[in-house]
Amino acid sequence: LTGGLGYIGSHISVCLLNSGFEVIVIDNLSNSSNKVLKKIKSITKKEIIFYEADIRDNNSLREIFRKNEIKSVIHLAGLKSVNESLDFPQKYIDNNVFGSKNLINVMNEFNCKKMIFSSSASVYGESQKAPFEETSPTQPTNPYGETKLEIENYLHDLSKMDKDWEIIALRYFNPLGA
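This report concerns the structure included in the present document. (Residues numbered from 1 in each chain as written. Predicted model: local features only at pLDDT ≥ 70, side-chain atom pairs only at ≥ 80, totals over all residues. Heavy atoms only, no water.)

So, on to the packing of helix 3 (residues 58-67) against helix 5 (residues 89-109). At a closest axis distance of 10 Å, the pairing of helix 3 and helix 5 adopts a crossing angle of 35°. The element helix 3 and its partner helix 5 pack so that their crossing is right-handed. Of the residues in helix 5, those touching helix 3 at Asn-58, Leu-61, Arg-62 and Phe-65 are Asn-102, Leu-103, Val-106, Met-107 and Glu-109. (Axes fitted to C-alpha atoms, helices over the stretch in contact; angles between N-to-C directions. Helix = DSSP H or I, 4+ residues; strand = E, 2+ residues; numbered from the N terminus. Left-handed = near helix turned anticlockwise from the far one by under 90°. Contact = heavy atoms within 4.5 Å.)

Relative to the assigned elements, Phe-98 resides in helix 5. Phe-98 sits 77 residues away from Phe-21 along the chain, and the two C-alpha atoms are 29 Å apart. Once you skip the residues sitting within four places of it in the chain, Phe-98 turns out to touch Gln-90 and Ile-93.

For the rest of this paragraph, the subject is the pattern of salt bridges. A full pass over the atoms with the stated rule returns 11 salt bridges. Between Lys-113 and Asp-162 there is a salt bridge, and its shortest N-O distance comes to 2.8 Å. Of this pair, Lys-113 sits in the loop between helix 5 and strand 4 (114-118) while Asp-162 sits in the loop between helix 6 (143-161) and strand 5 (166-170), placing them 49 residues apart in sequence. Because the salt bridges share partners, they merge into one network encompassing Asp-54, Arg-56 and Asp-94. (Salt bridge = Lys/Arg side-chain N within 4 Å of Asp/Glu carboxyl O.)

A few words on the sheet that holds strand 5. Judged by pairing direction, the sheet is parallel, and its 3 strands sit side by side in the order 3-4-5 without closing on themselves. Taken across any chain shown, the strands that pair with only one partner, and hence form the sheet edges, are strand 3 (73-75) and strand 5. Averaged over neighbouring strand pairs, the angle between their axes works out to 15° when direction is ignored. (Pairing = 2+ DSSP bridges.)

Among the structural elements, Glu-69 can be located in the loop between helix 3 and strand 3. Given a relative accessible area of 66%, Glu-69 falls into the exposed group. In sequence terms Glu-69 and Asn-28 are 41 residues apart; their C-alpha atoms lie 21 Å from each other. (Buried < 20%, exposed > 50% of the residue type's maximum accessible area, 1.4 Å probe, protein only.)

Looking now at the side chain of Asn-95. Along the chain, the position of Asn-95 falls in helix 5. In contact with Asn-95, not counting residues within four places along its chain, are Ile-55, Arg-56, Gly-78, Leu-79 and Ser-100.

Quick look at the side chain of Thr-2 now. In this structure, Thr-2 sits in the segment before helix 1 (7-18). One polar contact links Thr-2 to His-75, side chain to side chain, over a distance of 2.7 Å. Excluding residues that lie within four positions of it along the chain, Thr-2 makes contacts with Ile-26, Ile-55, Val-73, Ile-74, His-75, Leu-76, Ala-77 and Leu-103. (Polar contact = N/O pair within 3.5 Å; in protein donor to acceptor, adjacent residues only side chain to side chain.)

Further remarks concern the nonpolar core. Ranked by size, the top nonpolar core spans 23 residues in total, and within it Ile-64, Phe-65, Ile-70, Val-73, Leu-103, Met-107 and Met-115 carry the most contacts. Of all the secondary-structure elements, those providing two or more residues to this core are strand 1 (24-27), helix 3, helix 5, strand 4 and helix 6. Considering every element that reaches this core, the biggest residue donor is helix 5, with 5 residues. Not counting residues within four places of it along the chain, the set of residues in contact with Leu-103 comprises Thr-2, Ile-55, Leu-61, Phe-65, Val-73, His-75 and Met-115. (Core = buried A, V, L, I, M, F, W, Y, C linked by side-chain atoms within 4.5 Å.)

Pasting the structure below:
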């Protein structure tokens, strides 16, 4: 679970642990805190395996995959501020796009070809009326949305070229509440 100590990731961690799954979290703590580990343990009475690492670091990812038998990845790691992405678009490309591609390449090396990708409804842009559907046109209006769509397209192409990949991209608006 990349980004597993963030807001969404911590809730997913709890759900997975309570459902009997072993949870391995990779998080660079840029949008979270390791204090969340204690909170998850207090809620579930279970431990997670935690690695403070960045998905852009090939060596760290390879070591994590070597040490663990990882069968699937829920990929939540990424920068997430629309406003910040306008000021620092290259930072978003580097972290969100290159980081995701790096993770996918390492997954492929270890024959881990199942992924749930945390995308965003920001890929739709602002010109359309709700409710959105998967088939609604995508027209992101900011670098954040553009990076999410670029990763979605990459994953789509990957799954067409290599039928062993099983990928789901979830698009959602800002989550509020548990």
